[in-house]
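Working through the structure, step by step
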Amino acid sequence: MEQIIITPMETNKDLAESFVIATVRNSYGIYAQRTIIRLIEATQSLLEGYKIGDCVKYQIDSNLWGERSIRMPISAILAEGDKSNYTEAKKQLKSLVQIPLEYEDDKQWFVVPLLSMVKFDKVNGDAIIKVQPEVWQAILDFSKGWRRFELDKALKLKSTYSIRLYQLLSGQESPISYNLVSLKKMLGVEKKYDRPINFINRVIIPAKEELDKVSPYTFDFRPILERKSNKGRAGITGITFFPLYQPKNRDKALAEKEDLHHLGKKYPGVATIPASVENYMIHSLEFTRKGLENNKETILQGYTHIDNFENFLRKLAGPSRNAKNRQGYILNAIRGELKEKGIKVN
């Protein structure tokens, strides 16, 4: 059995949520939502050099079958200003054991419970959650896309709808449309609000109002109207969201770090590998941080000169799995593409 203890090093950070996790049916409450956020934080921090935010200490155990057990203070999953509502917390975490995670790619399909066990250690004040290896894999699978969000902001939001919409829209620049059925399912209200206008008034508008006040990303929206026949009024069949960035609510240190990534693309002398590229290459393409640093110039050339570089990397995810040297396969593919464009490879 492997055991790793992660201690606090950062007070805030950007997390990348796999689209596989982001689109899981979400009918659970604020405590369950915070548990998922903490699970994402622990999982990614383990791979990123044991850096943990918000002064939370984690103990991560793994057994021979790949099941992970994560121990953290119960206070880490309780809402701000409410550090004793264990009854409601237990009720909501119980729901996570009953929610299925369904995953499918070109090689496999599976359904497993999001959490396989939840336990409160009342003596030490800790929560212990267990996840199957398939869930761990899904959290780190960015091949279907991901959403980046700020840990501290997500933890401080009071509405589960606000959290989900923040996670879905954070970092986005283009409008995103959802049909009403899919959106209600993602927000866990598919059995509520038969009238679309009630769904908008009681879910979408209150979430927007909270995000307007405190979030780096909020949104405008427009209902999608469609007539079922030539007669009658058009009905609401979906919603188009228009992401809005609010710099005043962004963590200054994280914003400066992000600006360096953009500056590096324009001025290679101060270049660093963009966080989104770095996360994908570590979590989905199995690069190490040393491997990224040793091949930094090639990766940055690819990012600078290959259109939609992240999509280019995604297309290499499948073919590279069977390569004897996966990193070498990917780096050679980048160099080959650069040569085709007439770019001199460093």
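For the structure itself, look to the data block above.
What counts and how
- Residues numbered from 1 in each chain as written.
- Predicted model: local features only at pLDDT ≥ 70, side-chain atom pairs only at ≥ 80, totals over all residues.
- Heavy atoms only, no water.
- Helix = DSSP H or I, 4+ residues; strand = E, 2+ residues; numbered from the N terminus.
- Buried < 20%, exposed > 50% of the residue type's maximum accessible area, 1.4 Å probe, protein only.
- Phe/Tyr/Trp six-rings, centres within 6.5 Å; stacked < 30°, edge-to-face > 60°.
- 1 Å grid on protein atoms, 1.4 Å probe; cavity = no way out; pocket = protein on both sides within 12 Å on 5 of 7 lines; lining within 4 Å.
- Points joined across faces, edges and corners; volume = space filled by probe spheres on them.
- Nonpolar A, V, L, I, M, F, W, Y, C, P; charged D, E, K, R; others polar.

Bringing unusual backbone geometry into the picture now. Even without glycine at this site, E286 takes up a positive phi of about 65°. With respect to the secondary-structure elements, E286 resides in the loop between α10 (275-283) and α11 (289-294). The exposure class assigned to E286 is exposed, which follows from its relative accessible area of 55%. In this model, N308 sits at a positive phi of 50°, which is unusual for a non-glycine residue. As for its placement among the helices and strands, N308 is situated in the loop between α12 (296-305) and α13 (309-320).

To describe a pair of aromatic rings, one takes the distance between the centres and the angle between the planes. Tallied over the entire structure, the rule returns six aromatic pairs. On the numbers, 5.2 Å between centres and 85° between planes, the contact of F219 with F241 is edge-to-face. Remark: F241 occurs in strand β12 (residues 235-245) and F219 occurs in strand β11 (residues 217-226); sequence separation between them is 22 residues. Overall, the relative accessible area of 0% leaves F241 in the buried class.

With that settled, consider the layout of surface pockets. Space inside the second largest pocket adds up to approximately 390 Å³. Lining the second largest pocket are 16 residues, and of these Q137, D141, H283, S284 and R321 sit closest to its centre. Among the secondary structure elements, those contributing two or more residues to the lining of the second largest pocket are α4 (133-139) and α10. By residue class, the composition of the lining of the second largest pocket is five nonpolar, five polar and six charged.

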